[in-house]
Amino acid sequence: MTAAPTRGTPATDPVRATSTSTGPVQRRRRITELVLLFVAWAIGIGANVLIDPEQAMASPGHVYRAAAVLIAGGLVLHAVMWFRAQYADPYILPIVVALNGLGIAMIHRIDLLMDATAATNQVLWTAIGVLAAALVLVFLRDHRRLRRFTYISLLASALLLVLPLLPGLGIEINGARIWISIGGRTFQPGEIAKITLAIFFAGYLSTNRDVILLAGPKIGPVRLPRFRDLAPMFAAWLVSIGVLVLQRDLGTAILFFGLFVAMLYLATGRLSWIVLGLIFVAAGGVVASQTFGHVAARLDAWWHAFDPAIYDAPVGGSRQIVQGIFGLASGGLFGQGLGQGRPDLVSYSNSDMIITAFGEELGLVGLGAILMMFFLLVSRGFRAALGTPDAFGKLLAGGLASIMVIQLFVVIGGVTRVIPLTGLTTPFMSAGGSSLLSNWIIAALLLAISHSARRPVVTGPASDQDIAEFQAHEREEHERAEMLESERAERAERRRARQEAARKEREERKARQAEDERKNATAVPTTDRADDAPKKPAPDDDPDVDEPDLDEPKTEPTNQQPNEWKGATS
């Protein structure tokens, strides 16, 4: 009897039987996650208290609300994973909670200086983000289901990026038109579009990877794919570049293009895509600096940041960058201490420049610890990508981790003048509801994929649900294989038709050439026929013809027949 399909192992005949497992058994590690959650709560809630202990004692409302959301949200997600994703990575959730708590604390600290309420909104969006992450874990039992929505994700990305351009819905803030206003609240659809674009890239590349790798012309050591194989991806890239042109947002355009190049590299493993991507970025930057005024202003503020004329410019100046650098410098090695700095001197210090606020108050050591947490989070995402068995899951997890890497590099590189300042937000820490929501969804997707990567092969007979899932997966794979085979057959038929037409054309051309050669060989040249033809002798050459007497008068004969030529033939 054929062995039954078990969870995590393919089979050809879904018949109930007993199977064995030979791989290493993974532990659930949920207790480890719970212990680390206590550490994360201590970091986040403790930072909120240390910002201003006297204020926390006098008016503890914000501290209580932030603590309630962090604790309740962490416990809800922990409970969901007990039932839905028991083998999910135990380090992702505590790291995210700690980063989110630190972000709320710093935003609250800046609110106390500027008499603002951004921290309250951040706590609300944290609750919404945790709820969204829980829904993803509950309803997404298998991340491979997202593969069915490959092209729908592309259309959704285009729609999300077009929404801010619609009159009456999109609004322009600080020269960039990337927000929409609904009910008096703003939202940035591009933050959700980065997730849908990652799903599209993962689905398309996992299906067409071999075609992209093997088909196409080869120029030196680099094999370029055919344009028709990359046409959908180039369409997605053009949509993302349209953000730069129409929405005047340099940071989002760099993020989307970086995601495009990173996922191509993850799918093909060829460093040439990174090199070509850097070349395109450099060329695009030169063209954009000569074409778009806001890009030229960003480049001037980056390259000539300490120029007094640019520093004091009312629009597009470098004051924000220079003040952020001074804030980082004043922090030194160990920082001024929480609540002891002046991050309010830097514009947008609670969103775009929040890294400089942490550097000023926690110093290089504290900022390095935060970056280390981001490093651990990204490494767990790539670890999930390495562990999952399917190509779609590998590319999706790698793409989502790459989003955080690119976004963090662009943010830190901008505030330290490594690259021009772009306006992207720090994941989980900067003020902004749409960014926080999208990053919580990314964390949930990484948890779901890590569960598939770490769960062991279940031994024993397959259940009805396992068999139904296996049969549905087999049908989907069979339909996909038939579609690919049909496309290959159509391409082969078109290729054979072109080859047959070319062969017939060559044969006809050869036949015409042979016929022309045969006619030329058998036909007599005109000059030879003129030499061989019998010549009509002239009157002077014929001896039998009498010379006319010039002295005799010339008379016209009447009934006389024409003289016959004698010796006309030779």
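This write-up is about the structure you can find in this document. Here the structure is a predicted model, which is why all the values come from computation and not from measurement.

1. Focus: the overall build of the protein chain
Okay, step 1: Secondary structure assignment for the protein chain yields 18 helices and five strands.
Okay, step 2: Looking at the 570 residues of the protein chain, the share that counts as buried comes to 43%.
Okay, step 3: For the protein chain, long-range pairs separated by at least 24 residues make up 71% of all intrachain contacts whose partners lie at least 6 apart in sequence.
Okay, step 4: Total accessible area on the protein chain stands at roughly 30,700 Å², and carbon and sulfur atoms take up 61% of it.

2. Considering a nonpolar patch on the surface
Okay, step 1: A cluster of nonpolar residues, Y265, L266, L271, V275, I279 and F280, forms a patch on the protein surface that exposes about 560 Å² of accessible area.
Okay, step 2: Only α9 (250-268) and α10 (272-291) provide two or more residues apiece to the nonpolar patch.
Okay, step 3: Broken down by element, the nonpolar patch gets its largest block of residues, three residues, from α10.
Okay, step 4: Here F280 shows up in helix α10.

3. As for helix α4 (residues 92-114)
Okay, step 1: For α4, built from 23 residues, the straight-helix expectation of 33 Å at 1.5 Å per residue is met to within 8% by its first-to-last C-alpha distance of 33 Å.
Okay, step 2: Most of α4 is tucked away, with 20 of its 23 residues classed as buried.
Okay, step 3: Within two residues after α4, D115 carries a phi angle of roughly 55°, on the positive side.

4. Focus on the nonpolar core
Inside soluble globular proteins, nonpolar side chains tend to come together where they are buried.
Okay, step 1: Counting residues in hydrophobic clusters, the biggest one holds 110 residues, and the most contacted among them are L99, L396, F428 and W440.
Okay, step 2: Not counting residues up to four positions away in its chain, the partners in contact with L396 are L146, A198, I199, A202 and I449.

5. Brief notes about the pairing of strand β1 (residues 170-173)
Okay, step 1: Where β1 and strand β2 (residues 176-182) come together, three bridges link them in antiparallel fashion. Within the sheet, the bridge partner assigned to I171 lies in β2 and is W179.
Okay, step 2: Between β1 and β2, which pair antiparallel and follow one another directly, the connecting turn spans two residues, one of which, N174, has a positive phi of 55°.

6. Focus on the packing of helix α13 (residues 319-331) against helix α14 (residues 354-387)
Okay, step 1: For the pair α13 and α14, the least separation of the axes is 7 Å and the interaxial angle reads 30°. With respect to each other, α13 and α14 are oriented roughly parallel. As α13 runs across α14, the sense of the crossing is right-handed. Between α13 and α14, the contacting residues are G324, G327, L328, S330 and G331 on the first element and I355, T356, G359, E360, G363 and L367 on the second.

7. A closer look at unusual backbone geometry
Okay, step 1: With a phi close to 55°, Y348 is a non-glycine residue in the positive phi region.
Okay, step 2: With respect to the helices and strands, the residue Y348 is situated in the loop between α13 and α14.
Okay, step 3: Taking the relative accessible area as the measure of exposure, Y348 reaches 42% and is therefore partly exposed.
Okay, step 4: The phi torsion at R417 lies on the positive side, around 65°, for a residue other than glycine.
Okay, step 5: Secondary-structure assignment places R417 in the loop between α15 (391-415) and α16 (433-454).

Here is what the cut-offs are and how they apply
- All residue numbers refer to position in the chain's written sequence, counted from 1.
- It should be noted that, the model being predicted, local features are given only for residues of pLDDT at least 70 and side-chain atom pairs only at 80 or more, the latter also being counted only at that level, while totals for whole chains, interfaces and linings use all residues.
- Only hydrogens and water are set aside when side-chain values are computed; all heavy atoms of the structure are taken into account.
- Going along the chain from the N terminus, every DSSP run of H or I of four or more residues is numbered as a helix, and every run of E of two or more is numbered as a strand.
- Relative accessible area decides the class of each residue, using a 1.4 Å probe on protein chains only: under 20% of the type maximum gives buried, over 50% gives exposed, and in between gives partly exposed.
- Residue contacts follow a heavy-atom distance rule, with two residues in contact if any of their heavy atoms lie within 4.5 Å.
- Accessible surface area values rest on a Shrake-Rupley calculation with a 1.4 Å probe, where residue burial reflects the displayed protein chains alone.
- Only residues whose relative accessible area exceeds 30% and that take part in no salt bridge are eligible for patches, with like-charged residues grouped when within 9 Å of each other and nonpolar side chains (Val, Leu, Ile, Met, Phe, Trp, Tyr) grouped when within 5 Å.
- Salt bridge criterion: a side-chain nitrogen from Lys or Arg within 4 Å of a carboxyl oxygen from Asp or Glu.
- Helices are assigned an expected span. That span is 1.5 Å times one less than the residue count.
- Residue types Ala, Val, Leu, Ile, Met, Phe, Trp, Tyr and Cys, when buried and joined through side-chain atoms within 4.5 Å, form a set referred to as a nonpolar core.
- Paired strands, as defined in this entry, are two strands with at least two bridges between them according to DSSP.
- A fitted line through C-alpha atoms represents every axis, and for helices the fit uses only the stretch in contact; the resulting angles, taken between N-to-C directions, go from 0 to 180 degrees.
- Relative orientations are named as follows: roughly parallel for angles under 35 degrees, roughly antiparallel for angles over 145 degrees, roughly perpendicular for angles from 65 to 115 degrees, and oblique for any other angle.
- Crossing handedness is defined as follows: a turn of the near helix away from the far one that is anticlockwise and smaller than a right angle gives a left-handed crossing, while the clockwise case is right-handed.

By themselves these figures say nothing about function.
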